[in-house]
Amino acid sequence: MTGPPYFTTSGVPVVWYTKQPLYFTDPGDLSSSVNHAAADALVAAAAGVWNVPTASLVLAQGGALDEHVSGANAFLGANGPIFPADVESGNYLAKQIAVIYDSDGSITDLLLGNGASDPSGCRQNGVTESVDSIVPTGFIQHAILILNGRCTGPAPQQQMQLQYQLMRAFGRVLGLGWSQTNDNVFTDSPQPTANQALYWPVMHPIDIICGPYTYQCMPQPFTLRPDDLSALAELYFIAQGQAGPGKMDSLLNANELNGHLNFPGVEGMQGVNVVVRRWAQFTLPSKIEDWYVASGVSGSFYRQSNGNPVTGKDSSMAGSQGTQDSWYQGYTLIQRIPMLPGSWQQLILETEPVNPLYTGQYAVGPYIANTVAPSGSDPVLTEGLYGSYTQAYFDWATDNPVTACNSGADGTEAAPAAVPAQGWWQDQLCGYGHSAWSSLSVKANRSLTVEVTAEDEQGFASSVKAMPVIGVWNATDALGSLPGVAGTEEAFNGESNGMTTLGTSFTQPDQLRIAIADQRGDGRPDFNYRARVLYADSLSPATVSAAGGTVTITGMGFRTGNTVTVNGVAATVSSWTANTIVATAPSIHALGSTTALVADVVVTDLSTGGRR
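Summary of the structure given here. (Residues numbered from 1 in each chain as written. Predicted model: local features only at pLDDT ≥ 70, side-chain atom pairs only at ≥ 80, totals over all residues. Heavy atoms only, no water.)

It is worth spelling out the pattern of salt bridges at this point. Pairing of side chains with opposite charge becomes possible as their charged atoms draw close. This model, assessed by the stated rule, comprises 14 salt bridges. Here Glu-457 makes a salt bridge to Lys-465, at a shortest N to O gap of 3.2 Å. Glu-457 sits in the partly exposed class, given a relative accessible area of 24%. Ionic pairing is found between Asp-518 and Arg-520, a salt bridge with its closest N-O pair at 2.9 Å. Comparing Asp-518 with Arg-520, the two get one shared label, buried. Linked through salt bridges whose partners overlap, the residues forming this network are Glu-451, Arg-532, Arg-559 and Asp-605. (Salt bridge = Lys/Arg side-chain N within 4 Å of Asp/Glu carboxyl O. Buried < 20%, exposed > 50% of the residue type's maximum accessible area, 1.4 Å probe, protein only.)

A word on the sheet that holds strand E14 (residues 345-353). What the 4 strands build is an open sheet, ordered E12-E11-E14-E15; its pairing is antiparallel. For this open sheet the edge positions go to strand E12 (294-297) and strand E15 (380-386), each flanked by a neighbour on one side alone. Strand-to-strand twist in this sheet, taken as the mean axis angle between neighbours without regard to direction, amounts to 25°. Pairing of strand E11 (residues 272-280) with E12, which is carried by 4 bridges, proceeds in the antiparallel orientation. For Val-275, the partnering residue across the bridge sits in E12 and is Ser-295. (Pairing = 2+ DSSP bridges. Helix = DSSP H or I, 4+ residues; strand = E, 2+ residues; numbered from the N terminus. Axes fitted to C-alpha atoms, helices over the stretch in contact; angles between N-to-C directions.)

Glancing now at the pairing of strand E2 (residues 22-25). The pairing of E2 with strand E3 (residues 60-64) spans 4 bridges and is parallel. Its bridge partner lying in E3, Thr-25 is registered against Ala-64. In this fold, E2 hands off to helix H1 (residues 36-48), which returns the chain to E3; that crossover is right-handed. (Right-handed = clockwise from strand over helix to strand, strands pointing away.)

With that settled, consider the pairing of strand E25 (residues 528-540). Consecutive side chains of a regular strand alternate in pointing toward one face of the sheet and then the other. Sheet analysis places strand E18 (residues 424-428) next to E25, joined by 5 bridges and oriented antiparallel. Note on E25: the bridge partner recorded for Gln-428 is Asn-528. Inspection of the sheet shows strand E20 (residues 446-455) paired to E25 by 8 bridges, in the antiparallel sense. Bridging across to E25, Ala-454 finds its partner in Tyr-529.

So, about the nonpolar core. Trp-50, Leu-145, Leu-147, Leu-166 and Phe-170 are the most contacted members of the largest nonpolar core, which has 58 residues in total. For this core, the secondary structure elements donating two or more residues are strand E1 (15-16), H1, strand E6 (97-102), strand E7 (127-134), strand E8 (139-148), helix H4 (156-173), helix H5 (184-187) and helix H7 (226-235). The leading source of residues in this core is H4, at 7 residues. Apart from the residues within four sequence positions on either side, Leu-147 is in contact with Leu-30, Leu-42, Val-43, Val-99, Ile-100, Tyr-101, Asp-102, Gly-126, Val-127, Leu-162 and Leu-166. Grouped together as the second largest cluster of nonpolar side chains are 27 residues, Val-450, Val-472, Phe-506 and Tyr-535 included. (Core = buried A, V, L, I, M, F, W, Y, C linked by side-chain atoms within 4.5 Å. Contact = heavy atoms within 4.5 Å.)

Below, the discussion takes up the packing of H1 against H4. Where H1 meets H4, the axes come as close as 8 Å, and the angle between the chain directions of the two elements is 45°. The orientation of H1 relative to H4 falls into the category oblique. In this structure, H1 meets H4 at a crossing whose hand is right-handed. The segment H1 lies against H4, with Leu-42, Val-43, Ala-45, Ala-46 and Ala-47 engaging Gln-159, Leu-162, Gln-163, Leu-166, Met-167 and Phe-170. Grouping the constituent residues of the contact of H1 with H4 by class yields 9 nonpolar, 2 polar and no charged. (Parallel < 35°, antiparallel > 145°, perpendicular 65-115°, else oblique. Left-handed = near helix turned anticlockwise from the far one by under 90°. Nonpolar A, V, L, I, M, F, W, Y, C, P; charged D, E, K, R; others polar.)

Tracing the chain through its elements places Asn-255 in strand E9 (residues 254-263). Within the structure, the side chain of Asn-255 is placed 2.7 Å from the side chain of Gln-345, a separation counted as a polar contact. If near-sequence neighbours (up to four positions away) are discounted, Asn-255 is found in contact with Gln-335, Arg-336, Ile-337, Met-339, Gln-345, Leu-347, Tyr-386, Gly-387, Ser-388 and Thr-390. (Polar contact = N/O pair within 3.5 Å; in protein donor to acceptor, adjacent residues only side chain to side chain.)

Moving on, we get to the state of the cysteines. Going through the model one piece at a time under the given rule, you end up with 3 disulfides. Across the disulfide from Cys-210 sits Cys-217; the S-S distance is 2.1 Å. Negative torsions about the S-S bond denote left-handed disulfides, and the value of about -105° found for Cys-210 with Cys-217 makes this one left-handed. Owing to a relative accessible area of 52%, Cys-210 belongs among the exposed residues under this scheme. Paired by a disulfide, Cys-405 and Cys-430 hold their sulfur atoms 1.9 Å apart. (Disulfide = S-S within 2.5 Å.)

Turning our attention to the packing of aromatic side chains. On inspection of all chains with the given rule, the structure shows 17 aromatic pairs. Aromatic pair Phe-394 and Trp-396: ring centres 5.2 Å apart, planes at 45°, arrangement tilted. A single burial state applies to Phe-394 and to Trp-396, both of which are buried. Each member of the aromatic cluster is reached from another via a ring pair, and the members are Phe-301, Trp-327, Tyr-328 and Tyr-331. (Phe/Tyr/Trp six-rings, centres within 6.5 Å; stacked < 30°, edge-to-face > 60°.)

Moving on, we get to the sheet that holds strand E19 (residues 435-442). On the basis of which strands lie adjacent, the open sheet formed by 5 strands has the order E17-E19-E24-E21-E22 and mixed pairing. Edge positions in the sheet fall to strand E17 (417-418) and strand E22 (486-487), since each of these pairs with one other strand and no more. Here E19 runs beside strand E24 (residues 510-518); their pairing, made up of 8 bridges, is antiparallel. Directly across from Val-442, in E24, lies its bridge partner Asp-510.

Below, the discussion takes up unusual backbone geometry. Cis rather than trans, the peptide bond between Pro-4 and Pro-5 has omega equal to 0°. Here Pro-5 lies in the segment before E1. Omega for the peptide link from Ser-189 to Pro-190 comes to -5°, which places this bond in the cis form. When you line up the elements, Pro-190 lands in the loop between H5 and helix H6 (194-198). In this model, Asn-182 sits at a positive phi of 55°, which is unusual for a non-glycine residue. Take Asn-182: it is sitting in the loop between H4 and H5.

Written out as structure tokens, the structure reads:
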């Protein structure tokens, strides 16, 4: 999805610059088991799956590459792999998609690392796709597909598995994302029915494993499901009356469903999977389908990542995905829902979380680094009497979502709020792009730990809500600069669930600015957090006799169970409050000395690893 600053358009799906991209195959053999003609037939079968009447795209073979591509003519350069000239992205007008027959695995190893082509890794590395040219206007210009010849063999199933993987890879280079529809086929909870398996999309994120060949785990594995056809129509839509030869309008005998999933009165709710079932006209409720036919994820047109004060803005293509128009924050589109027999049908709409496994290269929807659990419970809504070409729009919400946004007192970068005296506080990262700023004075030769734990609506620690990151600046650092003292670039580096932690030390007195933000730059009413600054400020008395003695440590963020060491030797703690710890310092003999010395006093929280 396009967005600034890389793209010149905003909120538009990234698609091919031509509706008729051509692929060109390697002139060599794929392996000793699969000659050139057989390899071409395999590629044609995988590509042909994507030529459907309801999408304007036509994918066809355009000819052959100029040479067999191998380690003899491809190598790593300073800026990435270098291929023969006709395979490079600069040749996109002549050859849009290059299909390489990697007969000895050298190209797979070149791209993925030595040993990646080994047959033991064929489930992951049988086919490698690379869309290597997407221009600021939002168009795909060029792609490369590498077939690992080491994944072929005498068994026909080996070639069928490669064809299945290539079919899915073609979907990716055409612009399709992964989809979550009838995900119980993957999770096996509840055990899927035959129809649920038949409607499990080809573009599911992760295969299930039922034997040596994953295509055998899927009924009719080379047939696109309605959900795949919906995604393809979203990218290559045919408007009413615009179908060419061999094509049909995308919404002929189909419905489109779009609308907004909201935190009522606050903002859109992003990252929720919306699934649809069908109910045929003039039938009883018992005839409602028990499988989902198509799905969409709320906020998919909106920002995937907004940057944050700790890591800064990401102006790359990957950091520019999605519009900044808040109207799209909870917007959901299911482009094509095929109609059951009759002149109309009803639709049963439900919501569900995106599977937490679907992140990174397997991400479904706008959240790439981590999924976010919806706020509230999942509704079941019966909608409309929808006929052919109907484009239905409505707004809805989950049941009992959070509706309050209370983060106005947590300070700004220019006017940070003082860290609470006890060193503990709770708040929200509410409002997209919101960050919380605090100030703190520290003495020389001190250290501190900042801990932030993401919480859900019930106050429980959570790794599927906010992704807190922490930055520390000197008060004199320029506004808008990256952290001048320390920062955590990624969330959840702490020892406890949902916790991010940052420790730093100071040799001179300092006035600090501390920021808490979401790693993605997100902000929602259900992004609660609990923060703590663990800091030992002073010791009284400053000196004790050679026999040791009682000392009071004053600071913030203390709690029962914190330990105290003096030069690494345990002191006996007798009491704790949030601001004081009373302990008995060990004798000078216990410290291994016979003369007076200056000792380091350390407060440690064993449950979190915080040390100050």
